[in-house]
Amino acid sequence: MTVKKKAAQPNDMPDWSEYRGVLVVVEQRDGVAKSVSWQLLGIGRKLAEKLEVETIALVMGHGVGHLAEEAIQRGADKVYICDDPVLSVYRTRPYSRVCLQLIRDIKPEIVLMGATYTGRDLAGAIATHLPTGLTADTTQLDVEPHPSRLLLASRPAFSEKMVATILCKQYRPQMATARAGVFEALPRDPSRKGEIIPITCEMKEEEIAARVLDFIQDEKRVNLEDADVIVAGGRGLGGPGPFRLLKELADALGGVVGASRAAVDAGWIGHEHQVGQTGHTVRPKLYIAVGISGAVQHLVGMQNADVIVAINKDPDAPIFKVAHFGVVGDLFQIVPALTEEVKKRRGLPFLKTENNDPVAAR
Ligand SMILES: Cc1cc2nc3c(=O)[nH]c(=O)nc-3n(C[C@H](O)[C@H](O)[C@H](O)COP(=O)(O)OP(=O)(O)OC[C@H]3O[C@@H](n4cnc5c(N)ncnc54)[C@H](O)[C@@H]3O)c2cc1C
């Protein structure tokens, strides 16, 4: 790519003044947006305000008009929407073609995507095509004010032992994927106004080599990032069996089961359930930590939950420092009692079976 040099810029940076705006790519599946997309609009808006530019969203898919409306309610000033049958399921080529076309047309200075499987794939494809710099899996995002306007994209590095802040001085746009659950989404504001601009997908089905024949649901997969309720267990459970008690409570609350690394390392539950620095970062409405001490590496993954409930027999456990509600006691008594109460209030049947019998679970 050619770089235009005008007057000398701070740090000898090229003149990027034609690149303005923060673009957030909204990820959806079957018309349902990933929560990370709204979290990125939240942080994207903060960055845009600091830079005094617009927050722009890109919605791609088929039958996704409602997401353009929601993007405005969640903080976008302007939404580009590409609604086309070719985009009904994610494939790298058509999705990256739409993104590339828009980025070349509107020249945003920052592009943000979720660090999901799809987001990582799409961001990599775009960054190498433009070409520009991409920082993957960021956990902090900030900008230097004018005139440098640099994106400060920070991410854990060296087995999560340090945080590296990465700059992209020589190329635009500055791109980053960000972890789900780290940033705060703005509440939906139906009174917000914005512009919705339809764009077309230049690719035809015949030009795309990849075909999606079927989706096979991975039975083991848990969607911790999008869960409203997480009931997480740690070493205090003492073995894999008691996770059944947690599952029962999670089911009653319409949530999923999480775990500490100690429980995962012990082989009691799969890594896909792990919450924390080397696991998932989550931001549910309710996080129930059962038999988890609250090591800092666990806290960084869940401390942004709206409500944290801790159940631990040690009153000095650090988890109580972040918990909104705490119960000091034996989880084998408290969890089944809690499940029973939740089921009673929700009108669900509570049968004392092997599944919720603490004695059998032990
Ligand atoms: C580089 C690095 C990355 C890491 N990444 C992560 C990560 O992503 N996620 C993570 O979780 N950890 C991570 N860790 C590990 C972390 O430091 C802790 O070792 C771990 O979180 C401890 O898990 P725990 O709370 O389940 O176990 P413990 O610290 O052993 O705590 C168990 C708790 O259960 C309580 N308990 C015991 N019996 C009962 C009972 N019957 N009823 C009620 N309470 C009971 C105890 O009082 C205790 O507080 C990482 C560590 C390092 C060095």
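A quick note: this is a predicted structure, and the numbers were derived from the prediction, not measured.

**Some details on the domain arrangement of the chain**
Interface size is commonly expressed as the accessible surface area that is lost when the partners come together.
Then, in step 1: When cut into domains, the chain gives domain 1 (22–207) and domain 2 (229–361).
Then, in step 2: At the junction of the two partners, domain 1 supplies eight residues and domain 2 supplies six residues.
Then, in step 3: Buried area between domain 1 and domain 2, summed over both chains or domains, comes out near 590 Å², and the portion from carbon and sulfur atoms is 37%.
Then, in step 4: Put simply, domain 1 and domain 2 have zero salt bridges between them.
Then, in step 5: Linking domain 1 with domain 2 are three residue pairs in polar contact (both at pLDDT 80 or more).
Then, in step 6: Here the side of domain 1 that touches domain 2 is composed, by residue class, of three nonpolar, two polar and three charged.

**Points about the environment of Lys204**
Then, in step 1: Along the chain, Lys204 turns up in the loop between strand 12 (195–198) and strand 13 (229–233).
Then, in step 2: Using a relative accessible area of 44% as the deciding quantity, one classes Lys204 as partly exposed.
Then, in step 3: In sequence terms Lys204 and Val86 are 118 residues apart; their C-alpha atoms lie 7.0 Å from each other.

**Here we look at unusual backbone geometry**
Then, in step 1: In this model, Leu130 is joined to Pro131 through a cis peptide bond whose omega is -15 degrees.
Then, in step 2: Cis peptide bonds are those with omega within 30 degrees of zero, and the linkage from Arg172 to Pro173 qualifies with 0 degrees.
Then, in step 3: Residue position: Pro173 is located in the loop between strand 10 (162–166) and strand 11 (174–178).
Then, in step 4: Backbone geometry places Glu52, a non-glycine residue, at a positive phi of 60 degrees.
Then, in step 5: Residue position: Glu52 is located in the loop between helix 1 (35–51) and strand 4 (55–61).

**Remarks on the packing of helix 3 (residues 92–106) against helix 4 (residues 117–129)**
Then, in step 1: Running from N to C, helix 3 and helix 4 cross one another at 50 degrees; their axes reach a closest spacing of 9 Å. The angle between the axes of helix 3 and helix 4 places the two elements in the oblique class. In this structure, helix 3 meets helix 4 at a crossing whose hand is right-handed. Residue-level inspection shows Thr92, Tyr95, Ser96, Cys99, Leu100, Ile103 and Arg104 of helix 3 in contact with helix 4, the latter providing Asp121, Leu122, Ala125, Ile126 and His129.

**A short note on the pairing of strand 6 (residues 110–114)**
For a regular strand, the rule is simple: side chains alternate between the two faces of the sheet.
Then, in step 1: Taking burial as the measure, the five residues of strand 6 include five buried ones, the bulk of the element.
Then, in step 2: Burial along strand 6 is two-sided: Ile110, Leu112 and Gly114 facing one way and Val111 and Met113 facing the other are all buried.
Then, in step 3: As judged from the three bridges shared by strand 1 (residues 22–26) and strand 6, these two strands associate in the parallel manner. Counted as the bridge partner of Leu23 is Val111 from strand 6.
Then, in step 4: Here strand 6 runs beside strand 11; their pairing, made up of five bridges, is parallel. Along strand 11, the bridge assignment pairs Val111 with Met175.

**Some remarks on the pattern of salt bridges**
Then, in step 1: For the structure shown, the criterion picks out 20 salt bridges.
Then, in step 2: With a closest N to O distance of 3.6 Å, Asp137 and Arg120 form a salt bridge. Within this pair, whereas Asp137 is found in strand 7 (residues 134–138), its partner Arg120 is found in helix 4, the two being separated by 17 residues in sequence.
Then, in step 3: By relative accessible area, which is 11% here, Asp137 ends up buried.
Then, in step 4: Put simply, Arg345 and Glu341 hold a salt bridge, and the shortest N to O gap is 2.9 Å. Of this pair, Arg345 and Glu341 both sit in helix 9 (residues 331–346), four residues apart, which is roughly one turn of the helix.
Then, in step 5: A relative accessible area of 31% places Glu341 in the partly exposed class.
Then, in step 6: Here the salt bridges share partners, and the residues they tie into one network are Arg45, Glu49, Asp77 and Arg192.

**Regarding the sheet that holds strand 10**
The strands making up a sheet associate through hydrogen bonds between their backbones, and the pairing can be parallel or antiparallel.
Then, in step 1: A sheet is described by the order of its strands in space; here three strands give the open sequence 8-9-10, paired in antiparallel fashion. The open sheet is flanked by strand 8 (140–143) and strand 10, the only strands paired with a single partner. Across the sheet, the axes of successive neighbouring strands diverge by a mean angle of 25 degrees, strand direction being ignored.
Then, in step 2: The pairing of strand 9 (residues 151–157) with strand 10 spans five bridges and is classified as antiparallel. Looking at the pairing, Arg155 lines up with Ala164 of strand 10.
Then, in step 3: Lying on the sheet, helix 1 is in contact with strand 8 and strand 9; it crosses strand 8 at an angle near 15 degrees.

Rules and cut-offs
Residues numbered from 1 in each chain as written. Predicted model: local features only at pLDDT ≥ 70, side-chain atom pairs only at ≥ 80, totals over all residues. Heavy atoms only, no water. Domains from an automatic or database assignment. Contact = heavy atoms within 4.5 Å. Buried area = accessible area lost by both parts, 1.4 Å probe. Salt bridge = Lys/Arg side-chain N within 4 Å of Asp/Glu carboxyl O. Polar contact = N/O pair within 3.5 Å; in protein donor to acceptor, adjacent residues only side chain to side chain. Nonpolar A, V, L, I, M, F, W, Y, C, P; charged D, E, K, R; others polar. Helix = DSSP H or I, 4+ residues; strand = E, 2+ residues; numbered from the N terminus. Buried < 20%, exposed > 50% of the residue type's maximum accessible area, 1.4 Å probe, protein only. Axes fitted to C-alpha atoms, helices over the stretch in contact; angles between N-to-C directions. Parallel < 35°, antiparallel > 145°, perpendicular 65-115°, else oblique. Left-handed = near helix turned anticlockwise from the far one by under 90°. Pairing = 2+ DSSP bridges.

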